[in-house]
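Below, each chain spelled out in residue letters.
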Amino acid sequence: MTRLNPIIKRDLEVRSRGFTLPIIMTAVNAVLFLIGFLGSFGVVSQMRLSWIADPHPMLGIYMTVILTEFVLILLISPIYTASSISGERETGTFDLLLTTRLTPVNIISEKMISACVSVGVIIVSCLPAMLLPLIYGGVSVQSAIGLMLLFIPEAFLVLSIGMFVSSAGHSVVRSTVLCYAAVVGLITVPVLLPVLTKPFMLEQGNRLSYLLAADPLLPVFAAVTRQVGRPGAVRQVLAMTGLVPDGAFTEHIILISVMVQLALSFALLLLAVINITPGKRSWKKYGRPQE
Amino acid sequence: MLRVENVKKFYGHFCALDDLTMHISEGSLYGFVGPNGAGKTTAIRIMTGIIYPDEGTVTVAGMPGGYEHAESRSMIGYVPDAFGIYNNLKVSEYMEFFAACYGLDGMEARRRSENLLKYVELTDKADFYVESLSRGMKQKLALARALINDPPILIMDEPTSGLDPRTRYEFKQIVGELSDRGKTIVISSHILSDISELCTDIGIIDQGSIVMSGRLMDVMKIVTAENPIIISMARRTTQAIRFLKAEKRVRSMAIKGNDIMINFEGTAADEAQLLKRMVDEGLPVHGFSREKGSLESIFMQLTGHGEEHTVASYDASESYH
Ligand SMILES: Nc1ncnc2c1ncn2[C@@H]1O[C@H](COP(=O)(O)OP(=O)(O)O)[C@@H](O)[C@H]1O
Ligand SMILES: [Mg+2]
């Protein structure tokens, strides 16, 4: 079909003209450097007193930087998809896209790819800030980069949520608000629900804890705590939710969680494709009432 | 070329299109007129395949219409009522973007874009940002964009609304020329006079169905036939009235001084016959005429309940500039 993916080209071109991307990149990096710098400053002044170069306190800063960066990425991602379709509906360009040869799959996938590129650029731009707290070692650069790769499926999930929400809506404001609500919900509910229901569950453990696998925070949290030598943190969280912390689930929690989230992402994208395909579906908002 | 048959469309319980049937023949310039909310946009979106009717069918050049039929879909160029403008994109990029959406590659896309921009006289704006264009220019750009894959059918939703008289004139010039080149064109408006001099065919829609349609000339004939005959008498008006009262074909009468207005049922020959007999009777008739049909008046009559609205918007856009 189309050789040069017009939507990707246009999105990236338009974004390169705006100030949003550079502003976001600067802001995120500023926050991360500030955390890294102030943290290291405190640690280093401690070290001067003791004369020992100990990487361990720095690892706490590394973890803080990582988690902050990750949460920021999750909060930034909706910008790139939550208004992508509802926005075109608002300006009236979406109808035009539908009349061209682009298929709904083309439209959704091209918009996803361009969003991934933009978010990917932001993630990569944060690499120096991420590595700053590692000047005394403790975590190898390779594993830090490996951790950064883990951001990608998580950002992808948030982008998919945004794409889905925006495919169902006609208003940018509404779909953006909905997307943020969904992201915050997805981060908090899988933790809160099992924690709150724990007292009512039987001894064998809380089944609702498996919901944690859908939490985008979990894989990164698990990976970073493992890296800084606190692998027990995830077990603590699981125990808090009432899951008996053993078995394959705890063992492969990162892999399972990423898989679950990718599956969720693709399911949402499929729904988005269905949403934007003109059709005779009577269940749609303006469909015909039951005869 | 484009057939809409018995189309129904519901928004919830509200029936936006009620058994709409339209036949648009090849090469015609079809004026699709109706007051605001009559269902024009809905009908047009159904023709383009963007939305589906709940009942009924659309046929494009003998092929089934609807979104899943890419073949018939790409035969239609669509100019929506909103221009469909992307911010932060230059005019030439806008055109090339849509060319690419039709699978046209670099050189070909550029060539077509340049030709079309020249055609709508926007060549000197090629490097301007789309959002900086004036309303009229945006409308012309939207037209150029709709022609990027050279579709045989062009459907425009209220393209002249909100344009100043000069741009409107230019725009109509272009549309007329496209029609001369053989494109089948549907152009909607809530202002009949705005497009009536342009069209070869007309369809008047009200509350979701066509209330009158046909070739413009035929419609004009029907409209004319509805009008009263005015008979002006030099003298002897009372005798003339008495004479006319005895005539079977005279349905009703109104008198204003020496003018008698009659609603006459019959052909042109019957009219001539009536005049002859009046003269034979020795009645001094010095004027006998049927008022030429005014499309505007019939439009107002047919869409009577929406009259205030139509009149209001008519005035508003007329006084623009
Ligand atoms: N998406 C929609 N949801 C509900 N009602 C709609 C929708 N679109 C149009 N309508 C209603 O359908 C009727 C016809 O609308 P439309 O086709 O836009 O008319 P026109 O273009 O002739 O002004 C209007 O009464 C309008 O309120
Ligand atoms: Mg309309």
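First, a word on scope: everything that follows refers to the structure included in this document. Everything numeric here is computed off the predicted structure, so don't read it as measured data.

Before going further, it helps to spend a moment on the packing of helix H3 (residues 56–76) of chain A against helix H7 (residues 104–125) of chain A. Residues and elements named next belong to chain A. Interaxial distance between H3 and H7 falls to 11 Å at its minimum, and their mutual angle equals 160°. When the axis of H3 is compared with that of H7, the two are roughly antiparallel. Viewed along their axes, H3 and H7 form a crossing whose handedness is right-handed. For the pair formed by H3 and H7, the contact residues are Glu69, Ile73 and Ile76 on the first element and Val119, Ile122 and Ile123 on the second. In terms of residue class, the contact of H3 with H7 is made up of five nonpolar, no polar and one charged.

Before going further, it helps to examine the interface of chain B and chain A. Taken together, the contacts link 36 residues of chain B with 31 residues of chain A. Carbon and sulfur atoms supply 62% of the area buried between chain B and chain A, which totals about 3000 Å² over both sides. Counting across the interface, chain B meets chain A through two salt bridges. In this structure, Arg45(B) engages Asp95(A) in a salt bridge whose closest nitrogen and oxygen atoms are separated by 2.3 Å. The interface formed by chain B and chain A holds 10 residue pairs in polar contact (both at pLDDT 80 or more) in total.

Let us now look at the environment of Phe151(A). All names here are of chain A. Looking at the element boundaries, Phe151 is found in helix H9 (residues 141–168). The class for Phe151 is buried, based on a relative accessible area of 0%. Considered as a pair, Phe151 and Ser166 are 15 residues apart in the sequence and their alpha carbons are 22 Å apart. Setting aside residues no more than four positions away along its own chain, Phe151 makes contact with Ile66, Glu69, Phe70, Ile73, Ile123 and Val220.

What follows covers the pattern of salt bridges. Residues and elements named next belong to chain B. Throughout the structure, instances matching the rule amount to 19 salt bridges over all chains. Between Glu197 and Lys172 there is a salt bridge; the shortest N-O distance is 3.2 Å. Of the two residues, Glu197 is situated in the loop between helix H7 (192–196) and strand S9 (201–206) and Lys172 in helix H6 (residues 165–180); the sequence distance between them amounts to 25 residues. Judged by relative accessible area, which is 57%, Glu197 ranks as exposed.

Looking now at the sheet that holds strand S3 (residues 29–33) of chain B. Residues and elements named next belong to chain B. Spatial strand order, S6-S7-S8-S3-S9-S10: six strands in an open sheet with mixed pairing. Either end of the sheet is taken by a strand with one partner, and the two such strands are strand S6 (76–79) and strand S10 (209–215). Taken over all neighbouring pairs, the strand axes of this sheet differ in orientation by 15° on average, direction set aside. Here four bridges tie strand S7 (residues 153–156) to strand S8 (residues 184–189), and the two strands are oriented parallel to one another. What sits directly across from Leu154, in S8, is Ile185. Sheet strands in contact with helix H1 (residues 40–48) are S3, S6, S7, S8 and S9, and its direction is about 150° off that of S6.

The next subject is unusual backbone geometry. Residue and element names in this part refer to chain B. For Asn6, which is not glycine, the phi dihedral falls at a positive 50°. Inspection of the secondary structure assignment puts Asn6 in strand S1 (residues 2–11). Non-glycine residue Asp19 carries a positive phi angle of around 60°. Secondary-structure assignment places Asp19 in strand S2 (residues 14–24). Overall, the relative accessible area of 40% leaves Asp19 in the partly exposed class.

What follows concerns the site of ligand 1. In the region of ligand 1, 12 residues are neighbours, and Gly37(B), Gly39(B), Lys40(B), Thr41(B) and Thr42(B) sit closest. One finds residues of chains A and B in close proximity to ligand 1. Note that an oxygen atom of ligand 1 is positioned 2.6 Å from one of the backbone N or O atoms of Gly37(B). A distance of 2.8 Å separates an oxygen atom of ligand 1 from a polar backbone atom of Lys40(B). A total of 550 Å² of accessible area belongs to ligand 1 in isolation, and the protein chains cover 65% of it. The element that contributes the greatest number of residues to the shell around ligand 1 is H1(B), accounting for three residues. Counted by class, the shell around ligand 1 contains six nonpolar, five polar and one charged residues.

Okay, helix H10 (residues 268–280) of chain B next. All names here are of chain B. For H10, which comprises 13 residues, the first-to-last C-alpha distance of 18 Å matches the rise-based estimate of 18 Å (1.5 Å per residue) to within 8%. Burial in H10 covers these residues: Glu271, Leu274 and Met278. An end-on view of H10 places all buried positions within 60° of arc, on one side of the element. For H10, the exposed residues set more than 90 degrees away from the buried face come down to Ala269 and Asp280. Count one or two residues on from H10 and you reach Gly282, which has phi positive near 85°.

Now for the environment of Val279(B). Residue and element names in this part refer to chain B. Position of Val279 among the secondary structure elements: in helix H10. The exposure class of Val279 is partly exposed, given its relative accessible area of 47%. In this structure, the C-alpha to C-alpha distance between Val279 and Asp127, residues 152 residues apart in sequence, is 73 Å.

All names here are of chain A. Estimated volume of the second largest pocket: approximately 660 Å³. In terms of lining residues, the second largest pocket is bounded by 21 residues, among which Arg10, Asp11, Val14, Arg15 and Ser83 are the most central. Where the lining of the second largest pocket is concerned, the elements lending two or more residues are helix H1 (6–17), helix H2 (20–50), helix H4 (78–81) and helix H5 (84–91). Residues belonging to the lining of the second largest pocket are distributed by class as follows: seven nonpolar, nine polar and five charged.

Analysis parameters
Residues numbered from 1 in each chain as written. Chains lettered and ligands numbered in written order. Predicted model: local features only at pLDDT ≥ 70, side-chain atom pairs only at ≥ 80, totals over all residues. Heavy atoms only, no water. Axes fitted to C-alpha atoms, helices over the stretch in contact; angles between N-to-C directions. Helix = DSSP H or I, 4+ residues; strand = E, 2+ residues; numbered from the N terminus. Parallel < 35°, antiparallel > 145°, perpendicular 65-115°, else oblique. Left-handed = near helix turned anticlockwise from the far one by under 90°. Contact = heavy atoms within 4.5 Å. Nonpolar A, V, L, I, M, F, W, Y, C, P; charged D, E, K, R; others polar. Buried area = accessible area lost by both parts, 1.4 Å probe. Salt bridge = Lys/Arg side-chain N within 4 Å of Asp/Glu carboxyl O. Polar contact = N/O pair within 3.5 Å; in protein donor to acceptor, adjacent residues only side chain to side chain. Buried < 20%, exposed > 50% of the residue type's maximum accessible area, 1.4 Å probe, protein only. Pairing = 2+ DSSP bridges. Near = heavy atom within 4 Å. Areas by Shrake-Rupley, 256 points an atom, 1.4 Å probe, with all protein chains shown as cover. Expected span 1.5 Å × (residues − 1). Arc of directions from axis to C-beta. 1 Å grid on protein atoms, 1.4 Å probe; cavity = no way out; pocket = protein on both sides within 12 Å on 5 of 7 lines; lining within 4 Å. Points joined across faces, edges and corners; volume = space filled by probe spheres on them.

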